[in-house]
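# Observations on chain architecture
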Amino acid sequence: MTIPDEDLPAVSEASHAVVREAKAAGVWIFGAGIQTQRASIVAADGVVSDGPYPETKAVIGGFSIIEVPSREEALMWAARFAASCRCAQEVREIMYDAES
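Residues numbered from 1 in each chain as written. Predicted model: local features only at pLDDT ≥ 70, side-chain atom pairs only at ≥ 80, totals over all residues. Heavy atoms only, no water.

Glancing now at the packing of aromatic side chains. The geometry of an aromatic ring pair is captured by the separation of the ring centres together with the interplanar angle, meaning the angle of the planes. Going through the model one piece at a time under the given rule, you end up with two aromatic pairs. Arranged with centres 6.4 Å apart and planes meeting at 40°, the rings of Trp28 and Phe81 form a pair that is tilted. Remark: Phe81 occurs in helix 2 (residues 71-85) and Trp28 occurs in strand 1 (residues 28-33); sequence separation between them is 53 residues. No difference in accessibility class separates Trp28 from Phe81, as the two residues are buried. Ring centres 5.8 Å apart and planes at 45° place the aromatic pair Phe30 and Phe63 in the tilted group. Of the two residues, Phe30 is situated in strand 1 and Phe63 in strand 4 (residues 62-66); the sequence distance between them amounts to 33 residues. If you follow Arg80 out to its NZ or CZ, it ends over the ring of Trp77, 4.6 Å from the centre. (Phe/Tyr/Trp six-rings, centres within 6.5 Å; stacked < 30°, edge-to-face > 60°. Helix = DSSP H or I, 4+ residues; strand = E, 2+ residues; numbered from the N terminus. Buried < 20%, exposed > 50% of the residue type's maximum accessible area, 1.4 Å probe, protein only. Lys NZ or Arg CZ within 6 Å of the ring centre and 35° of its normal.)

Below, the structure written as structure tokens:
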């Protein structure tokens, strides 16, 4: 889905409002926009190759990392972000490293 240029300021403000809410709730860790869809693969021997390339027209515009006690709460926040930015959200769990 493409957001019309004239709607971008409203979408940006709505998305930033959810970020502010997540920060106030103490669940926000980090988030950022993705500058380009280009990716590089670095092999174990250090050789760099281009790819993978998305096979669909879907793009990743950005990401948010939150820390919540349950998947259900993560899905609730994803729904809030989806509504604010007018686009679907992908939810994944990040493995916790106890030694960090």
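Next comes the rest of the account.
Once that is clear, we can look at the environment of Tyr53. Along the chain, the position of Tyr53 falls in the loop between strand 3 (48-50) and strand 4. As for Tyr53 and Arg38, which are separated by 15 residues in sequence, their C-alpha atoms are 7.1 Å apart.

Now for unusual backbone geometry. Positive phi, normally seen in glycine, also occurs at Arg86, with a value near 60°. Position of Arg86 relative to the elements: it lies in the segment after helix 2. Arg86 gets classed as partly exposed once you look at its relative accessible area, which sits at 36%.

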